[in-house]
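# Results of the structural survey
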Amino acid sequence: MGERIVIALGGNAILQPGQEATFETQFENVRKSAEVIARIINKGHTVVVTHGNGPQVGNILRQNEEAKHVVPSMPLVICSAESQGFIGYMLEQALRNELLKLNNETPVTVMLTQTEVSIDDPDFDDPSKPIGVFYSEEKAKQLSADKGWTVKEDAGRGWRRVVASPEPKSIIGSNTIQQLSEMGTIVVASGGGGVPVVKKDDGTYEGIDAVIDKDRSAFKLAEEINADLFMILTDVENVYINYGKPNQEILTEVTLEEANKYVSEGHFSAGSMGPKMEAAIKFAQTGKRAIICSLDQADQAMQGKIGTHIKPKAQACV
């Protein structure tokens, strides 16, 4: 019997550092990702795929800025939805094509997904997630005055707009995603963490400019659709402690106790492996497996041959 697996693709699955962000380059990267995922599906598993969108949203925002005198610019929340649409198109088509090469006609669909966040999330009080292009200090402060943006200096490279990165409360439509998955459909959903929305007093939803961490959102999706396995695919084969130091150590099988200890010791940076480990630990706490591994070796990681495996809490004897 196959498992229901949530696969969270890292940014390198779509655009790798130093590559030009052309459609052709991004589609070829997606095709290579789909080739690996198709092999997993072909073994009888049902997969829900989620993905990052940081570079793509950044480029859409830049297009907005460059063309604002010709075409009205759109808010960040719409740019997020745009990126979900075109990345979803590439993933759906690539997955269908790779499955057909395996004589597999499993249906694939994309679901444009919204993610509920709280307007009271503390990150809205002090936004820190940089997005978009770099500006001079003068230009950034002018944009802040004109548009109400929060702007901050970014590591000596210039000034950028910063937005909140709130915690995901729930994935809107996760019940539908689960139903599709239970029917055997491969679903691409919650791209870029989902389009952030807040619930108003009357129960309706409204979009809000923010960026949701894709790994945290992927965990929430895996939890809500009752996934059996949560896989975070990145550009490294394993997680390490003491990374880059003489006493660097590879992690293969890790207990929850060990994983929490390593997090508390500060082994994982907030801008890299930290959110991935946090998401994997939370999923393992539900009593199920989580794996962090490289994209091109995901099928081998499922067999326990590679990757970092976060083991669920042991069940008490009855």
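Up top is the structure these notes are about.
## So, the overall build of the chain
A tally of regular secondary structure across the chain gives nine helices and 17 strands. In summary, the chain has a C-alpha radius of gyration of 20 Å against a globular reference of 20 Å for 318 residues, a match within 12%. Expressed as lengths along the three principal axes of its C-alpha atoms, the size of the chain is roughly 60 × 45 × 45 Å. Looking at the chain as a whole, 48% of its 318 residues qualify as buried. Looking at the chain as shown, the accessible area adds up to about 15500 Å², and 48% of this sits on carbon and sulfur atoms.

## Quick look at the packing of aromatic side chains
Within this structure, the stated rule accounts for four aromatic pairs. The lysine or arginine in question, R160, covers the ring of F134, its NZ or CZ lying 4.7 Å from the ring centre.

## Quick look at the layout of surface pockets
Looking at the second largest pocket, its volume works out to about 260 Å³. As for the second largest pocket, its lining consists of 17 residues, of which L61, E65, K147, W149 and R161 are closest to the centre. Breaking the lining of the second largest pocket down by element, the ones donating at least two residues are helix 2 (54-67) and strand 5 (129-135). For the lining of the second largest pocket, the per-class residue count stands at eight nonpolar, three polar and six charged.

## Considerations on the pattern of salt bridges
Counted under the stated rule, the structure contains 25 salt bridges. Ionic pairing is found between D299 and R39, a salt bridge with its closest N-O pair at 2.8 Å. With D299 in helix 9 (residues 298-302) and R39 in helix 1 (residues 23-41), this pair connects stretches of sequence that are 260 residues apart. For E66, the salt bridge is made with R62, and the minimal N-O distance between the two is 4.0 Å.

## Overview of the pairing of strand 7 (residues 159-163)
The side chains of a regular strand alternate between both faces of the sheet. Summarising burial for strand 7: five of the five residues are buried, a large majority. Residues W159, R161 and V163 line one face of strand 7 and the alternating positions R160 and V162 line the opposite face, and both faces are buried. Pairing of strand 5 with strand 7 involves four bridges; the strand directions are antiparallel. Counted as the bridge partner of I131 is R161 from strand 7. Of the pairings in the sheet, the one linking strand 6 (residues 150-153) to strand 7 comprises four bridges and is antiparallel in character. Within the sheet, the bridge partner assigned to E153 lies in strand 7 and is W159. What sits between the antiparallel neighbours strand 6 and strand 7 is a turn of five residues, in which A155 has the positive phi angle 50°.

## Some words on helix 1
When the terminal C-alpha atoms of helix 1 are compared, their 26 Å separation across 19 residues agrees well with the 27 Å that a helix rising 1.5 Å per residue should span. Within the sequence span of helix 1, burial applies to Q26, F27, N29, V30, S33, A34, V36, I37, A38, I40 and I41. The inward-facing, buried residues of helix 1 abut strand 1 (4-9), strand 2 (46-51), helix 2, helix 3 (76-101), strand 9 (186-189) and helix 9.

## A look at the sheet that holds strand 11 (residues 205-207)
Here we have four strands laid out as an open sheet, ordered 8-4-10-11, and mixed in their pairing. Because the sheet does not close on itself, it has two edges, and the strands there are strand 8 (170-171) and strand 11. Summarising the sheet, strand 10 (residues 195-199) and strand 11 pair through three bridges and their orientation is antiparallel. Directly across from V197, in strand 11, lies its bridge partner G207. Packing against the sheet, helix 3 makes contact with strand 10 and strand 11, and its axis sits at approximately 130° to strand 10.

Conventions adopted
- Residues numbered from 1 in each chain as written.
- Predicted model: local features only at pLDDT ≥ 70, side-chain atom pairs only at ≥ 80, totals over all residues.
- Heavy atoms only, no water.
- Helix = DSSP H or I, 4+ residues; strand = E, 2+ residues; numbered from the N terminus.
- Rg over C-alpha atoms; globule rule 2.2 N^0.38 Å.
- Buried < 20%, exposed > 50% of the residue type's maximum accessible area, 1.4 Å probe, protein only.
- Areas by Shrake-Rupley, 256 points an atom, 1.4 Å probe, with all protein chains shown as cover.
- Phe/Tyr/Trp six-rings, centres within 6.5 Å; stacked < 30°, edge-to-face > 60°.
- Lys NZ or Arg CZ within 6 Å of the ring centre and 35° of its normal.
- 1 Å grid on protein atoms, 1.4 Å probe; cavity = no way out; pocket = protein on both sides within 12 Å on 5 of 7 lines; lining within 4 Å.
- Points joined across faces, edges and corners; volume = space filled by probe spheres on them.
- Nonpolar A, V, L, I, M, F, W, Y, C, P; charged D, E, K, R; others polar.
- Salt bridge = Lys/Arg side-chain N within 4 Å of Asp/Glu carboxyl O.
- Pairing = 2+ DSSP bridges.
- Expected span 1.5 Å × (residues − 1).
- Contact = heavy atoms within 4.5 Å.
- Axes fitted to C-alpha atoms, helices over the stretch in contact; angles between N-to-C directions.

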